[in-house]
Amino acid sequence: MHIVDGALANPVVIGGAVAAAGGIAIGLKSLDLDRIPTAGVLAASFFVASLIHVPIGPSSVHLILNGLAGLLLGWAAFPALFVGLLLQTVFFGFGGLTVLGVNTVNIALPAVLTWMLFGRLIARGSPVHGAIWGGIGGAFSIAATTGFVAVSLALSGDAFLPAAKLVFFAHIPVMAIEAVLTGFAVLLARKVKPELFIKVATS
Amino acid sequence: MKKLTLICTLILTPLPALAHKVIAGVFPAGEAIEGELGFSNGDMAVDQEVIVYGLDGAELGRTVTDADGFFLFTPTRPVAHTFKADLGAGHVADVTMPADEVADILGVEAEASDPPVLAAPAESGATITVASLSDEERAAIAKIVRDETRPLRREIAAYREHNDLQSILGGIGYIIGLFGIGFYVAARKKMTA
């Protein structure tokens, strides 16, 4: 999921950086005083989640949690995930500093898309109803991220379809795990602190 | 049903560990350069093509990794060798062996086009002590040392990729600090507004 330094063409890297800067600017604008703690907690969860490796068959995958971040934060997912990615790069060497912009867009833009598509749906109806939509949103954001990663690789010269297939199929287990996780997170939040979502969905 | 089987086989095929970092290293090994290529979780890259470039970007040759992720390349010119491999899905390996190390393997001086590097004075002493040994004996010793240190090298490489609790806590500390600054800025904005 983290593209490393040197794997992408320069225009893609620069384009990613510009898009990420734009997203972060919109995100910071939308981040009011009440939502800073949520953003901080989600940045921290994203930062740590990548260390939890789930062994699947011969390979292993790690959680990303960008769907949950998007559903709770909206555009503010951009700065939160950027901070998480930056620290992962510095502390663990995941990805690289030059591709930070591309990685931010690849992970945060699906989060925002998830929020746009499912943000209203999870806040409506019964908590269980919302949790199901939350689960679908969690899986969708991972699928979108794999698509974005494949597009970044395709723009740098890799053939799109093989790259997309490889990344997509490798992440099917993550999608399943994240769907369950996001679903339960939404269920819990709807029961314990329902205003968490309503605020996001209407703002 | 057919589709389901296809999806299942695709999931179960050994895909490269996408969530991991690529580790690559090169070391002098007798007359050749030995290198290893793999992922930080211990999976080694098998049958992976490695392309070797010189200082000016010209291709010097290609080699393929064996079942343990090791590859061998015999240098012909004493210039810096850069080994590149594309492991797919955004994973690339890029390691360089400096010209003086390559020159040591070949037993000649490094080519002048390279940036000057500090000579290691200790090496001349090492050459004198083994001078009494025959070439075969020296090669045998070198091979034994290589084989003995290989697991160590691997362990060191794995250790370097190891994430300990301190860096995790450090990262979380940074996040708390950053969002604390965010709070400060937001609070100031509210006060002035």
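Quantities reported herein were computed from a predicted structural model and do not represent experimental measurements.

As for the packing of helix α3 (residues 66–73) of chain A against helix α4 (residues 77–92) of chain A
All names here are of chain A. Where α3 meets α4, the closest approach of the two axes is 9 Å, and the angle between their N-to-C directions is 145°. Residues Asn66, Ala69, Gly70 and Leu73 of α3 touch α4, and the partners they reach there are Ala77, Ala80 and Leu81. Looking at the contact of α3 with α4 residue by residue, the classes come out as 5 nonpolar, 2 polar and no charged.

Considering the nonpolar core
Where a protein is soluble and globular, its nonpolar side chains tend to be buried together. Counting 73 residues, the largest nonpolar core has Ala69, Ala77, Ala80, Leu81 and Ala108 of chain A as its most contacted members. Apart from the residues within four sequence positions on either side, Leu81 of chain A is in contact with Phe46, Asn66, Ala69, Thr104, Ile107, Ala108 and Ala111 of chain A. Of all hydrophobic cores here, the second largest spans 21 residues; its members include Ile33, Val52, Met97 and Ala103 of chain B.

Things to note about the confidence of the model for chain B
Residue and element names in this part refer to chain B. Confidence in the prediction for chain B averages 71 pLDDT; 69% of positions are at 70 or higher. At the low end of the mean pLDDT range in chain B sits helix α3 (residues 122–129), at 48; at the high end sits helix α5 (residues 165–192), at 84. Counting interchain partners and residues more than four positions distant, the pLDDT-below-50 stretch residues 8–19 has 28 contacts. As a predicted assembly, this complex carries a pTM of 0.67 together with an ipTM value of 0.70.

Overview of the UniProt feature "transmembrane region" (unreviewed entry) in chain A
Feature annotation in UniProt places "transmembrane region" (unreviewed entry) on residues 7–26, 38–56, 63–85, 91–118, 130–155 and 167–189 of chain A, given in this structure's numbering. Along residues 91–118 of chain A, the helical share is 75% and the strand share 0%, with 33 Å between the first and last C-alpha atoms.

Notes on unusual backbone geometry
Residue Leu65 of chain A is not a glycine yet carries a positive backbone phi of 60°. Note that Leu65 of chain A resides in the loop between β2 (59–62) and α3.

Brief notes about helix α1 (residues 10–30) of chain A
Under the 1.5 Å per step criterion, the end-to-end length of α1 of chain A is 30 Å for 21 residues, consistent within 8% with the ideal 30 Å. Against α4, α5 (100–123) and α6 (127–155) of chain A lie the buried residues of α1 of chain A.

Considering α6 of chain A
Over its 29 residues, α6 of chain A runs 41 Å from end to end, which matches the ideal 42 Å to within 8%, given 1.5 Å per residue. One or two residues past the end of α6 of chain A sits Gly157 of chain A, with phi positive at roughly 120°.

What about the environment of Leu51 of chain A?
All names here are of chain A. Residue placement: Leu51 occurs in the loop between α2 (36–49) and β1 (53–56). For Leu51, a count of 15 C-beta atoms within 10 Å translates into the label partly exposed. Each C-alpha atom, one on Leu51 and one on Leu63, is 7.9 Å from the other, the two residues being 12 residues apart in sequence.

With respect to the UniProt feature "transmembrane region" (unreviewed entry) in chain B
Mapped onto this numbering, the UniProt entry annotates "transmembrane region" (unreviewed entry) at residues 168–187 of chain B. A helix fraction of 100% and a strand fraction of 0% characterise residues 168–187 of chain B, whose end C-alpha atoms lie 28 Å from each other.

Remarks on the packing of α2 of chain A against α4 of chain A
Residue and element names in this part refer to chain A. Across the interface, α2 lies against α4 with an axial gap of 8 Å and an inter-helix angle of 35°. As α2 runs across α4, the sense of the crossing is right-handed. In this structure, α2 contributes Ala39, Leu42, Ala43, Phe46 and Phe47 to the contact, and α4 contributes Pro79, Ala80, Leu81, Val83, Gly84, Leu87 and Gln88. Its residues assigned to classes, the contact of α2 with α4 comprises 10 nonpolar, 2 polar and no charged.

Cut-offs used in this document
Think of each chain on its own: its residues are numbered from 1, step by step along the sequence as written. Numbering of ligands from 1 and lettering of chains from A proceed in the order in which they are written. pLDDT decides what is reported in this predicted model: residues at 70 or higher carry local features, side-chain atom pairs at 80 or more are listed and counted, and totals for whole chains, interfaces and linings draw on all residues regardless. Simply put, an axis is a line fit to the C-alpha atoms, just over the touching stretch for a helix, and the angle between two N-to-C directions goes from 0 to 180 degrees. Helix and strand definitions here come from DSSP, where helices need a minimum of 4 consecutive H or I residues and strands a minimum of 2 consecutive E residues; each element is numbered from the N-terminal end. We call two residues in contact when their backbone-placed C-beta atoms lie within 7 Å. Each residue gets one label: Ala, Val, Leu, Ile, Met, Phe, Trp, Tyr, Cys and Pro are nonpolar, Asp, Glu, Lys and Arg are charged, and the others, such as Gly, are polar. Each nonpolar core comprises buried Ala, Val, Leu, Ile, Met, Phe, Trp, Tyr and Cys residues, the members being joined through C-beta atoms within 7 Å. Put plainly, a residue is buried at 20 or more neighbouring C-beta atoms within 10 Å of its own, exposed at 12 or fewer, and partly exposed in between, counting only other residues' C-beta atoms, which are placed from the backbone. Confidence of the predictor in every single residue is expressed as pLDDT, which spans 0 to 100. UniProt positions are given in the numbering used here, feature names are shortened, and annotations may be inferred rather than shown by experiment. Here the expected length of a helix is defined as 1.5 Å per residue gap, with one fewer gap than residues. With the far helix as reference, a near helix turned anticlockwise by less than a right angle produces a left-handed crossing, and one turned clockwise produces a right-handed crossing.

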